[in-house]
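Breakdown of the fold
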Amino acid sequence: MSTRTGSLTRAIAIDALTHVLTRNIHSDVALEKLFASHPNLRTLDKAFIYEMVFGSLRWLAKMDWIMSHMLDRSFSSLDPRVANALRIGTYQIYYMDRVPERAAVSETVEAVKQVGVPNAASLVNAILRRVAKKSEYFPKPDKVTQPVEYYSMHHSFSQWMVERWHKQLSLERFEYLLSNNNRIPKNTLKLITKNPLPDNEYDLATYLLKTQSVESSWQPLPGALRIESLPKFNECEAFKKGCYIVQDEAAQLSASLVQASQSDTVLDACAAPGGKSIYLWESGVASENLTVCDFAQKRLKILRENFERVGLQGTTILHGDVVEQCQGKVFQKILLDAPCSAMGVIRRHPEIKWLRTPSDIQNCAIEQARLLDGLSKNVAIGGELIYIVCSFELEETIHQINSFLEKHPEYEKVCPLDRIHDFYKKYVTRENELLIYSGNPDDIDGFFGVVLKRNS
Ligand SMILES: C[S@@+](CC[C@H](N)C(=O)[O-])C[C@H]1O[C@@H](n2cnc3c(N)ncnc32)[C@H](O)[C@@H]1O
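Since the structure is predicted, the reported quantities are computational estimates derived from the model, not experimental observations. (Residues numbered from 1 in each chain as written. Predicted model: local features only at pLDDT ≥ 70, side-chain atom pairs only at ≥ 80, totals over all residues. Heavy atoms only, no water.)

Brief notes about the pairing of strand 1 (residues 187–191)
For strand 1, the tally of buried residues reaches four of five residues, placing the bulk of the element in the interior. In this structure, strand 1 lies alongside strand 3 (residues 224–227), joined through four bridges in antiparallel fashion. Directly across from Lys190, in strand 3, lies its bridge partner Ala224. The pairing of strand 1 with strand 4 (residues 244–246) spans three bridges and is classified as antiparallel. Across the sheet, Leu189 pairs through a bridge with Val246, a residue of strand 4. (Buried < 20%, exposed > 50% of the residue type's maximum accessible area, 1.4 Å probe, protein only. Helix = DSSP H or I, 4+ residues; strand = E, 2+ residues; numbered from the N terminus. Pairing = 2+ DSSP bridges.)

Given below as structure tokens:
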């Protein structure tokens, strides 16, 4: 028997998936909008919807492959809402042990009616009941003769990504990259030591356990605490008082490449929502020496809120294209956390697997080159341009920097080893670049960073 909340949660998940996959919207954004129009949802319901949507995005190709064997037409010919209902249903059956299979089928069938395709209810019912039997075997593509098809299905990735990484990487790194990018990522908090914890507590881990029942463990980076589940931010005094921000170790490591003194003038060129600016301020940059810029108004609003929460005041905030905004300005250090394909954070944003195309990587590389070139004039002689991206794709990383250095002989790479915590020095290459593939044993995001010093 179907319940109101049971089918509503599935209907919202189907809608979210449809918005993400047909309108190219981030899953976080799609869910936020849908949650806003359903204010009565409980935290538990929201978590359930999150899991169905993110899980379906993680395992989409594998589930589509299974269902395509059960349909008498191609999977791509289905109405997107029907296809997404089948995905949401199959995800519950295969990956959510705590959901009884009967409920997964009946609630999803009810949900199909709610999302406006009642005629498809019997098809969805028939397919999901077959899926729930788990008794049919479909031969997989052959790993040796059809490696792209095999890996794409088995690990659920777009074929072009599999083909690209299969060509470029060692087999070990390739397989690790695919399998680890399907794991649900943990989150890391960065302690903001300028803000004392509530109730005279001195240890954030103890505080979170006592007040939020959140378990955590300290990581090698100073002030980095890895947590098992996110605290309820609106109920967490320590969050409201700005005692921590959520920031993966890889993001912290790349920000640590900017070793600025208190008196250095620093530009955070692509700053919103402000995580790395806060890192820089926490590590000693004076707020009045910090200028931040971003061209996305909405993201700048979040940056302002984040700055206010942690108590970062007196910083110059610029809105617009950073190259235009900074014409004629000179800084000792410029951090360029450039817009990128975000291939290093697929595990956090699994929709990237289906929304990115190879030309996105090329387009990002063109924009990154423009930003690097434009900002190269704003670095003081003797100063540094620190380039980082949450990607490990050659065009956005090694090749990008090689062509920058060819065009800009006034710059040279600086060895970043003494700026990187001992534990993570293994990610510094012989070419003096910080290169972190996602799917690494430390379970941190994929990132690339390099320090470029201006000599003349
Ligand atoms: C990787 S995100 C930055 C994340 C941020 N540094 C942090 O740690 O929170 C890249 C940002 O660059 C901004 N951006 C992209 N192109 C820009 C441009 N030409 N000028 C200014 N900002 C830009 C985007 O709006 C986006 O907020």
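So, next bit.
Regarding the packing of helix 1 (residues 4–23) against helix 3 (residues 43–68)
Following both chains from N to C, one finds helix 1 and helix 3 inclined at 45°, their axes separated by 9 Å at the closest point. In terms of their interaxial angle, helix 1 and helix 3 are classed as oblique. In this structure, helix 1 meets helix 3 at a crossing whose hand is right-handed. Here helix 1 contributes Thr5, Thr9, Arg10, Ile12, Ala13, Ala16, Leu17, Val20 and Leu21 to the contact with helix 3, which in turn contributes Asp45, Phe48, Ile49, Met52, Val53, Ser56, Leu57 and Leu60. Residues that form the contact of helix 1 with helix 3 fall into these classes: twelve nonpolar, three polar and two charged. (Axes fitted to C-alpha atoms, helices over the stretch in contact; angles between N-to-C directions. Parallel < 35°, antiparallel > 145°, perpendicular 65-115°, else oblique. Left-handed = near helix turned anticlockwise from the far one by under 90°. Contact = heavy atoms within 4.5 Å. Nonpolar A, V, L, I, M, F, W, Y, C, P; charged D, E, K, R; others polar.)

Overview of the nonpolar core
One recurring pattern in soluble globular proteins: nonpolar side chains tend to sit buried together. With 85 residues, the main nonpolar core has Trp165, Val322, Leu336, Met343, Leu385 and Tyr387 as its most contacted residues. At six residues, the largest contribution of residues to this core is made by strand 9 (residues 379–389). Excluding its chain neighbours within four sequence positions, the residues that come into contact with Leu336 are Ala269, Cys270, Leu371, Leu372, Leu375, Leu385, Ile386, Tyr387 and Ile388. The next biggest cluster of nonpolar side chains, apart from the first, holds 54 residues, and it includes Leu34, Leu78, Leu86 and Met153. (Core = buried A, V, L, I, M, F, W, Y, C linked by side-chain atoms within 4.5 Å.)

Structural notes on the side chain of Ser56
Here Ser56 shows up in helix 3. With a relative accessible area of 0%, Ser56 lands in the buried category. When neighbours within four sequence positions are excluded, Ser56 is seen to be in contact with Leu17, Glu51, Met63, Arg87, Ile88 and Tyr91.

Regarding the pattern of salt bridges
The tally for this structure, following the rule as stated, stands at 30 salt bridges. A salt bridge links Arg370 to Glu367; its shortest N-O distance comes to 3.0 Å. Highlighted residues: Arg370 and Glu367, both in helix 17 (residues 358–375), separated by three residues, approximately one helical turn. According to the relative accessible area criterion, Glu367 is partly exposed, its value standing at 26%. In this structure, Arg419 engages Glu384 in a salt bridge whose closest nitrogen and oxygen atoms are separated by 2.9 Å. Here Arg419 is found in the loop between strand 10 (411–414) and strand 11 (434–436), whereas its partner Glu384 is found in strand 9, with 35 residues between them in sequence. Across this residue pair, the class does not change: Arg419 and Glu384 are buried. One network of salt bridges, with partners in common, ties together Arg183, Asp248, Arg347, Arg348, Asp443 and Asp445. (Salt bridge = Lys/Arg side-chain N within 4 Å of Asp/Glu carboxyl O.)

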